[in-house]
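One-letter residues, chain by chain:
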Amino acid sequence: MWQVVGHEKAVGLLDRCLKNEKLAHAYLFIGPPHVGKMRLAIDLAKALNCQGEDRPCGHCVQCVRIEELKHADVQVIGLDGRAEIGIDQMREMQHSASLKPFEGKYRVFIVDGAEHLSHEATNCLLKTLEEPPSNVQLILLALNERGLLPTLLSRCQKLELRPLPIATFPKILTERWGIPEEKARALANLSRGCVGWAVSALTDDKLLQERSERLASLLRLTEEELAERFSHAAQLASQFSRDRQSVYEVLSLWIEWWHDLLLTKGGCANFISNVDQEAKLHEESQRYSLKEIKVFVESLQQSMAQLEQNANPRLVLEVLMLSMPRRKGERIL
Ligand SMILES: [Zn+2]
């Protein structure tokens, strides 16, 4: 059984290709953080190596070892704390791909964060894609296509994974994980339809705490003078060089908050994501004009796109700080 929640279209397609032995050599799973890209990749790795009847069975030795990430033929290649996925990692992959599978039928390589592949690493990966060894499956995971070279995109079959609809998601959380209805509704909203986040938040209090701290820090910034804002921009830029993902998460949270402010200001508070912050959103929305909020949401989206396209992070973040409206309603410049 495929463990991934939702994404029926992608699962249906992979399942059909698997049965007809017509899988593409490389897949690219695109979607926001925690939407289920890695879950689907692990499911596909299991299905390829499964010894059971209904692949992936989830019970055979192959399925169990892959699920525990102990299988010698299934490798996850990611940033591992670096700024980019380097050529050394791709060369190592290339070498492993040239060897016969060790304990299963297929060698599966999952590149987590393909948008972080360096130029040289992409070229090295392209060589593997041009002459793919048999019994090798490549699966690339990325937030979007923007940071990927067209030559790489053209050699992968793309599958887009979208967040689950908020209307059906709470029911899934209740049925599958036994979460009480009210909590399931709140988690579904906070997770923006991304199952992985909701399930992690259930067992890891740090996720919710981290979110509160990030929101508090954002609210403080709206009151700060330019010097403090620039110092925050420098701090985020330095964080970006070590851990891009965490900065993307901070900016996504900011976009979501300001989008919620826009909805509240426009009288559509029923559609906000930060359902536990409704009162605060209402209070804050009084402090800005609709235009100020709208312009800043656009600036945030633009900054995110520029960072993904490898613009200078410090410059992008400083410009963003300049465009953030001040809490009392005046712009900083
Ligand atoms: Zn199995």
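Since the structure is predicted, the reported quantities are computational estimates derived from the model, not experimental observations.

1. Description of the confidence of the model for the protein chain
Phase 1: Summarising the model, the protein chain shows a mean pLDDT of 90, and 98% of its residues fall at 70 or more.
Phase 2: The low-confidence segment residues 329-333 (pLDDT under 50) makes nine contacts with residues lying over four places distant or belonging to another chain.

2. Side note on the nonpolar core
Soluble, globular proteins show a tendency: their nonpolar side chains are buried together.
Phase 1: Membership of the largest hydrophobic core comes to 59 residues, with the highest contact counts inside it found for Phe29, Ala41, Ile139, Leu140 and Leu141.
Phase 2: When residues of this core are assigned to their parent elements, the largest contribution, seven residues, is made by helix α2 (residues 37-49).
Phase 3: Excluding anything up to four places from it in sequence, Phe29 contacts Lys37, Leu40, Ala41, Ile139, Leu141, Leu159 and Leu161.
Phase 4: Counting residues in each nonpolar core, the second largest holds 19 residues, with Ala233, Trp258, Leu317 and Met324 among its members.

3. Let's talk about helix α14 (residues 290-308)
Phase 1: Taking 1.5 Å per residue as the helical rise, α14 with its 19 residues ought to reach 27 Å, and the 28 Å between its terminal C-alpha atoms agrees with that figure.
Phase 2: When α14 is considered as a whole, its buried residues turn out to be Glu292, Ile293, Phe296, Leu300, Ser303, Met304 and Leu307. Taken down its axis, α14 places every buried residue within 110° of arc, on the same side. Residues of α14 that are exposed and point more than 90 degrees away from the buried face comprise Leu290, Lys291 and Glu298.
Phase 3: Turning to α14, the residues buried within the fold contact α12 (244-265) and α15 (313-323).
Phase 4: Phi turns positive, to about 65°, at Asn310, one or two residues after α14.

4. Some remarks on the domain arrangement of the protein chain
Interfaces are frequently sized by the accessible area removed from exposure as the parts join.
Phase 1: Structurally, the protein chain comprises domain 1 (8-160) and domain 2 (204-323).
Phase 2: Here domain 1 and domain 2 have C-alpha centroids that lie 33 Å from each other.
Phase 3: On the side of domain 2, six residues touch domain 1, which itself brings six residues to the contact.
Phase 4: Taken together, the residues of the side of domain 1 that touches domain 2 break down into two nonpolar, two polar and two charged.

5. Topic: the sheet that holds strand β3 (residues 107-112)
Phase 1: Strand order in the open sheet made by the five strands is β2-β3-β4-β1-β5, with parallel pairing throughout. Bordering the open sheet on either side are β2 (74-77) and β5 (157-160), each of which pairs with just one other strand. Along the sheet, successive strands turn relative to each other by an average axial angle of 20°, direction set aside.
Phase 2: Sheet analysis places strand β1 (residues 26-30) next to strand β4 (residues 136-142), joined by five bridges and oriented parallel.

6. A few points about unusual backbone geometry
Phase 1: Note that the residue after Arg55, namely Pro56, is joined by a cis bond; omega there is -5°.
Phase 2: Mapped onto the fold, Pro56 is located in the loop between α2 and α3 (61-67).
Phase 3: Residue Glu21 is not a glycine yet carries a positive backbone phi of 55°.
Phase 4: Secondary-structure assignment places Glu21 in the loop between α1 (8-19) and β1.
Phase 5: The backbone phi angle of Asn135 is positive, close to 60°, even though this residue is not glycine.
Phase 6: Among the structural elements, Asn135 can be located in the loop between α5 (119-130) and β4.

7. Quick look at the pairing of β3
Phase 1: With respect to burial, β3 is a largely interior element, six of its six residues being buried.
Phase 2: Burial along β3 is two-sided: Arg107, Phe109 and Val111 and Val108, Ile110 and Asp112, pointing in opposite directions, are all buried.
Phase 3: Sheet topology note: the β2/β3 ladder contains four bridges and is parallel. Across the sheet, Ile77 pairs through a bridge with Val111, a residue of β3.
Phase 4: Tracing the backbone out of β2, into helix α4 (residues 87-97) and back to the parallel element β3 gives a crossover that is right-handed.
Phase 5: Pairing of β3 with β4, which is carried by six bridges, proceeds in the parallel orientation. Bridging across to β4, Val111 finds its partner in Leu140.
Phase 6: Since β3 and β4 lie parallel, the crossover through α5 that links them has a hand, and here it is right-handed.

Rules behind the numbers
Residues numbered from 1 in each chain as written. Predicted model: local features only at pLDDT ≥ 70, side-chain atom pairs only at ≥ 80, totals over all residues. pLDDT = per-residue confidence, 0-100. Contact = placed C-beta atoms within 7 Å. Core = buried A, V, L, I, M, F, W, Y, C linked by C-beta atoms within 7 Å. Buried ≥ 20, exposed ≤ 12 C-beta atoms within 10 Å, placed from the backbone. Helix = DSSP H or I, 4+ residues; strand = E, 2+ residues; numbered from the N terminus. Expected span 1.5 Å × (residues − 1). Arc of directions from axis to C-beta. Domains from an automatic or database assignment. Nonpolar A, V, L, I, M, F, W, Y, C, P; charged D, E, K, R; others polar. Pairing = 2+ DSSP bridges. Axes fitted to C-alpha atoms, helices over the stretch in contact; angles between N-to-C directions. Right-handed = clockwise from strand over helix to strand, strands pointing away.

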